[in-house]
Amino acid sequence: MGEAPVIFVDDMQNGFDLKPNYCKAATVIGDKTYVIGGADDEMESLIGVQIFDQSLKKWLKPTVLGTKPTLSKGHSAVPLNDDRILIIKRGSTPDDHTWFLEVDSQYVRKQKKVLGTEVVAWSKCVIGEAEKPIVISGPSGVGKGTLISMLMKEFPSMFGFSVSHTTRSPRNMEKDGVHYHFTDRGVMEKEIKDGKFLEFASVHGNLYGTSVEAVELVADAGKRCILDIDVQGARSVRASSLEAIFIFVSPPSMEELEKRLRARGTETEEQILKRLRNAEAEIEQGESSGIFDFILYNDKLEECYENLKKLLGLDANITAPLKPASELSLPIDHSVSQIDDKIIINCGTAGLEKASNNLILLGVSSLKGGAPARTRGLKFQAIDSFSDGLNAMDQLS
Ligand SMILES: Nc1nc2c(ncn2[C@@H]2O[C@H](COP(=O)(O)OP(=O)(O)O)[C@@H](O)[C@H]2O)c(=O)[nH]1
Ligand SMILES: Nc1ncnc2c1ncn2[C@@H]1O[C@H](COP(=O)(O)OP(=O)(O)O)[C@@H](O)[C@H]1O
């Protein structure tokens, strides 16, 4: 490849008005130019990313993490805070028009160290304030699965389970893809290296992990994600960009834990003993490490379940307070500009002053989450006139 085409760089430093057939957008952050568009190297239907390093005067091939967006009829790109680029796709559906390419976020910096390459990471924008995911940990046999099943049964449209990957063998009643994705160690290790996992840990001699996709699937269904993961996994998620509520479930005593584990009848004697040995350290860490926001004692099941619902703000009268996803869709022709931390999408007329019924404002000051999962907290507001827009800008701050 040759040098970065200057026309991209100059065009993009001021604005982001892409001509209809212009399928690449270049954005300058620091001494790197991110050229976003054209087909991805691995999949023709997905958007590709290339980087031109101005100081080295050469093209870099980044490792691209996260689920990539599909190609559209063009897109606009806006740099935000020098750590990510907002991408607005033309003519896309409301659930697919806004994406972020993280180029220097905490997650990306960490992955650069791990992988030793240039890294960028995609994160799709989920519009609206989806509730935080819930991480539930606790020793084997304490009742995590039972409590989660009760919650999902009572609130089926509200909660979705993050289906983990594991190298352990399935139990009798367990279904692949429902309880776990059962997999081989070699395959899982390769996928971990490729950045497909939000977190992973070795637990009771097997590998367990939460794939980015598992969490995204639940978020995309508009549901609140529940993760049943061990204390090491909870610690990793705590350190990641996924903002969650952390709950540790503790048994009334070790004797009761052993009784439940034996009564469940799913493990061999050897496995039961290993799980009991690990339980002491898990309880110690769960109750004292500061990772967890809440500790729930699972003595009487019904009482514990009521306490769980209380701390999730689910009182007896709530059925399924699902927040509607935004219906706002963007037309094929639009231009994008930026004033401070507000992005203005102009859907039609050229000048901001002439705008009427065709401006959309985005407030980007309170973004949450991010790669390797979804970004939340982007505020969309349609406005009728420029003066309305000025008022709306204040409200979005
Ligand atoms: N870190 C991590 N731990 C997981 C994941 N999935 C399950 N676990 C934990 O692995 C442990 C063993 O799970 P499992 O084999 O289903 O046994 P159980 O806890 O006795 O039902 C539990 O502590 C789970 O919370 C995961 O994706 N990541
Ligand atoms: N409060 C409780 N009292 C008595 N038994 C319980 C209670 N909670 C769960 N159990 C039982 O204990 C066993 C282990 O529960 P499970 O949900 O599989 O634990 P985990 O998912 O934490 O390993 C199951 O047989 C379940 O029915």
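Residues numbered from 1 in each chain as written. Chains lettered and ligands numbered in written order. Predicted model: local features only at pLDDT ≥ 70, side-chain atom pairs only at ≥ 80, totals over all residues. Heavy atoms only, no water.

- Going by the annotation in an unreviewed UniProt entry, the name recorded for the chain is Guanylate kinase 1, with Quillaja saponaria given as the source organism.
- Taken verbatim from the UniProt record of the chain, the Catalytic activity (unreviewed entry) comment is "GMP + ATP = GDP + ADP". (UniProt positions renumbered as here; feature names shortened; annotations may be inferred.)

## Notes on the domain arrangement of the chain
Now for step 1: Along its sequence, the chain is carved into domain 1 (2-129 + 326-396) and domain 2 (134-311).
Now for step 2: With 14 residues of domain 1 at the interface, the matching set in domain 2 holds 13 residues.
Now for step 3: Buried surface at the junction of domain 1 and domain 2, both sides included, amounts to about 1100 Å², of which 46% is carbon and sulfur.
Now for step 4: When residues of domain 1 are sorted by the area they lose upon contact with domain 2, Pro372, Ala373 and Arg374 head the list and together hold 40% of the total.
Now for step 5: Here domain 1 is connected to domain 2 by 2 salt bridges.
Now for step 6: Salt-bridge contacts for Asp220 lead to Arg374; the nearest nitrogen and oxygen are separated by 2.5 Å. (Domains from an automatic or database assignment. Contact = heavy atoms within 4.5 Å. Buried area = accessible area lost by both parts, 1.4 Å probe. Salt bridge = Lys/Arg side-chain N within 4 Å of Asp/Glu carboxyl O.)

## Things to note about the sheet that holds strand β11 (residues 159-161)
Now for step 1: On the basis of which strands lie adjacent, the open sheet formed by 5 strands has the order β11-β16-β10-β17-β18 and parallel pairing. Each end of this open sheet is capped by a strand with a single partner; those strands are β11 and β18 (294-297). Each adjacent strand pair in this sheet contributes to an overall mean axis angle of 25 degrees, direction not counted. (Pairing = 2+ DSSP bridges. Helix = DSSP H or I, 4+ residues; strand = E, 2+ residues; numbered from the N terminus. Axes fitted to C-alpha atoms, helices over the stretch in contact; angles between N-to-C directions.)

## Side note on the pattern of salt bridges
Now for step 1: The full count for this structure, using the stated rule, is 26 salt bridges.
Now for step 2: In this structure, Glu216 engages Arg374 in a salt bridge whose closest nitrogen and oxygen atoms are separated by 2.9 Å. Of this pair, Glu216 sits in helix α5 (residues 212-220) while Arg374 sits in the loop between β22 (368-369) and β23 (375-376), and the two are 158 residues apart along the sequence.
Now for step 3: In this structure, Lys259 and Glu256 form a salt bridge, with 3.5 Å as the shortest nitrogen-oxygen distance. Here Glu256 and Lys259 lie together in helix α7 (residues 254-264), a separation of 3 residues that amounts to about one turn.
Now for step 4: Judged by its relative accessible area of 58%, Lys259 falls in the exposed class. (Buried < 20%, exposed > 50% of the residue type's maximum accessible area, 1.4 Å probe, protein only.)

## Section: the site of ligand 2
Now for step 1: Neighbouring residues of ligand 2: 14 residues in total, closest Gly141, Lys144, Thr146, Arg264 and Asn298.
Now for step 2: Note that an oxygen atom of ligand 2 is positioned 2.8 Å from one of the side-chain N or O atoms of Lys144.
Now for step 3: The contact in question runs from a nitrogen atom of ligand 2 to an N or O atom on the side chain of Arg260, over 3.4 Å.
Now for step 4: Considering ligand 2 on its own, with 570 Å² of exposed area, one finds that the protein chains cover 74% of that surface.
Now for step 5: Of all elements in the fold, only α3 (144-154) and α7 reach the threshold of two or more residues within the shell around ligand 2.
Now for step 6: At 3 residues, α3 tops the list of elements feeding residues into the shell around ligand 2.
Now for step 7: Taken together, the residues that form the shell around ligand 2 break down as 3 nonpolar, 6 polar and 5 charged. (Near = heavy atom within 4 Å. Polar contact = N/O pair within 3.5 Å; in protein donor to acceptor, adjacent residues only side chain to side chain. Areas by Shrake-Rupley, 256 points an atom, 1.4 Å probe, with all protein chains shown as cover. Nonpolar A, V, L, I, M, F, W, Y, C, P; charged D, E, K, R; others polar.)

## Re the packing of α7 against helix α8 (residues 269-288)
Now for step 1: For the pair α7 and α8, the least separation of the axes is 11 Å and the interaxial angle reads 145 degrees. α7 and α8 meet at a crossing whose hand is right-handed. On α8, the residues that touch Met254, Leu257, Glu258, Leu261, Arg262 and Arg264 of α7 are Glu269, Ile272, Leu273, Arg275, Leu276, Ala279, Glu280 and Ile283. (Left-handed = near helix turned anticlockwise from the far one by under 90°.)

## Some thoughts on α8
Now for step 1: Taking 1.5 Å as the rise per residue, α8 with 20 residues should run 28 Å; its terminal C-alpha atoms sit 29 Å apart, in good agreement.
Now for step 2: Its axis deflected by about 30 degrees at Ala279, α8 carries its strongest bend there.
Now for step 3: Within α8 the residues assigned to the buried category are Ile272, Arg275, Leu276, Ala279, Glu282, Ile283 and Gly286.
Now for step 4: Buried residues belonging to α8 abut β14 (197-203), β15 (206-211), α6 (231-239), β17 (245-250), α7 and β18.
Now for step 5: With its phi angle positive at about 80 degrees, Gly290 sits one or two positions after the end of α8. (Expected span 1.5 Å × (residues − 1). Bend = angle between axes of the 7 residues up to and from the residue.)

## Brief notes about the packing of aromatic side chains
By convention here, two paired aromatic rings are described through the distance between centres and the angle between planes.
Now for step 1: Enumeration over the complete set of coordinates arrives at 6 aromatic pairs.
Now for step 2: Taking the centre distance of 6.1 Å and the plane angle of 90 degrees together, the rings of Trp99 and Trp122 count as edge-to-face. One end of the pair, Trp99, is in strand β8 (residues 98-102); the other, Trp122, is in strand β9 (residues 119-124), and 23 residues separate them in sequence.
Now for step 3: Judged by its relative accessible area of 4%, Trp99 is buried.
Now for step 4: One aromatic cluster in this structure is built from Tyr180, Phe182 and Tyr208. (Phe/Tyr/Trp six-rings, centres within 6.5 Å; stacked < 30°, edge-to-face > 60°.)

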